[in-house]
Amino acid sequence: MAKWLLHVDLDQFQAAVEFRRHPELRGLPVIVGGNGDPEEPRKVVTCASYPARAYGIRAGMPLRTAARKCPEGVFLPLDPPSYDEASEQVMALLRTFTDQVEVWGWDEAFVAAETDAPESLAAAIRAGVAELGLTCAVGIGDNKLTAKLATGFAKSVGKSADTPAEQPGAHTGMFRLTAANWSQVMAHRPTNALWGIGTRIAARLGELDIHTIGELMAADRAVLAAEFGPTNGPYLWVMARGAGDTEVVTKPPPPVGRSKSETFPRDLTERDEISEQVARLAAEVTAEIAAAGRNAVRVAVTVRTSTFYTRSKQSKLAEPTTDVPTIVDTALRILDRFPLDRPIRLLGVRLELAPVPGPTA
């Protein structure tokens, strides 16, 4: 049996979780973000239902902008505990098919499986997710790159002229993309259709007269290396040919840091108030790492002004610790290194963590 990589992507996840609790909202332009108040300043959309997206609503858009674009939108507050629970249900379902599951946040995961019928497996996954009251698209590939890209096509099968239902690899809610159909599906597309190539890299490729994935496939690797570096340049060429990672990491590595930040409803201008907020954030993130059994070795403070100028400064601790007064005092001493001559929009504290000791022989 062949080894396949499947990418499972839950549709409009946060909105879909709300639909499970409030079926009457299905089909409405639901917008999730902040405390559910579209007039709340400096809060952004974290999820928009498909009807809301038809109004141009996108994740990351300020809630106030979303309200202007879609006055009849239904605004709901973020509910992370409910999203955690729903996500855990889905990931537990995926592990009933295979123990090779790599979780990527609330709403997506890679699944590795050996099977002669990957579409049957994808259909079974979609059916299981549907029984949980949610929906998903499944991309089928021979590596993570092809599987991830396939998911995007799976969402538009039969809905877009660019992904017709009769195209090889296409089924409702799923799509297969492998070396066998890579050129047919991908060669004519712009380079930023590749996972990992954004507008900047695409523009730089355009300056080399490389506009499509097919042209990138045929590019001179030496030219790419000269432009993007000896590692990144050739990697772009390899990626354009549909090659990618096949390893599924079922247990993520221990985090190397933990941070906590906050954008304030109004700008902070008083020094005492700024110090108070930094001390609070430092204490909260220290409590979190202590609960996780980790120690901090370095403290960093981030300050963003009302003009969006953002700067971070850091300091190494004398020894690994989770002592709250020590970390708070360090954070406040770092804060003293900032001029604080402009209103403050955001503050953040990040702790770099001591490595987790490896197993002893």
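Quick caveat, the model's predicted, so the values are computed rather than measured.

Right, let's talk about the packing of helix α4 (residues 80-94) against helix α5 (residues 118-131) for a bit. Packing of α4 against α5 brings their axes to within 10 Å, and their N-to-C directions diverge by 145 degrees. Note on packing geometry: the crossing formed by α4 with α5 is right-handed. Residues V90, L93 and L94 of α4 form the contact with α5, whose own contacting residues are I125, G128 and V129. Class assignment of the residues belonging to the contact of α4 with α5 gives a composition of five nonpolar, one polar and no charged.

A few words on helix α13 (residues 324-335). End to end, α13 covers 16 Å across 12 residues, agreeing with the expected 16 Å (1.5 Å per residue, within 8%). Of the positions making up α13, those classed as buried are I327, V328, T330, A331, I334 and L335. Projected down its long axis, α13 shows its buried positions confined to an angular sector of 160 degrees, all on one face.

With antiparallel pairing, the four strands of this open sheet are ordered in space as β10-β13-β11-β12. Pairing within the sheet leaves two strands with one partner each, and these edge strands are β10 (257-268) and β12 (310-321). Between one strand axis and the next, the sheet turns by 15 degrees as a mean value, whatever way the strands run. Bridge count for strand β11 (residues 296-305) against β12 is eight bridges, and the pairing is antiparallel. The residue bridging V301 from the neighbouring strand is K313, located in β12. Its contacts with the sheet place helix α12 (residues 271-291) against β10, β11, β12 and β13 (344-353), and it is angled at close to 150 degrees to β10.

Along the chain, the position of R204 falls in helix α8 (residues 199-207). Spatially, the C-alpha atoms of R204 and L93 are 43 Å apart, while their sequence positions differ by 111 residues. With residues up to four places along the chain from it excluded, the contact list for R204 reads E227 and F228.

Before going further, it helps to spend a moment on α4. Helix length check: α4, at 15 residues, gives a terminal C-alpha distance of 21 Å against a target of 21 Å (1.5 Å per residue), a fit within 8%. S82, Y83, A86, S87, V90, M91, L93 and L94 are the residues of α4 that are buried. Down the axis of α4, the sector holding all buried residues measures 165 degrees, keeping them to one side. Residues of α4 that are exposed and angled more than 90 degrees away from the buried face: P81 and E88. Elements in contact with the buried residues of α4: β1 (2-10), α1 (13-21), β2 (30-32), β5 (101-103), β6 (108-115) and α5.

Conventions used here
- Residues numbered from 1 in each chain as written.
- Predicted model: local features only at pLDDT ≥ 70, side-chain atom pairs only at ≥ 80, totals over all residues.
- Heavy atoms only, no water.
- Axes fitted to C-alpha atoms, helices over the stretch in contact; angles between N-to-C directions.
- Helix = DSSP H or I, 4+ residues; strand = E, 2+ residues; numbered from the N terminus.
- Left-handed = near helix turned anticlockwise from the far one by under 90°.
- Contact = heavy atoms within 4.5 Å.
- Nonpolar A, V, L, I, M, F, W, Y, C, P; charged D, E, K, R; others polar.
- Expected span 1.5 Å × (residues − 1).
- Buried < 20%, exposed > 50% of the residue type's maximum accessible area, 1.4 Å probe, protein only.
- Arc of directions from axis to C-beta.
- Pairing = 2+ DSSP bridges.

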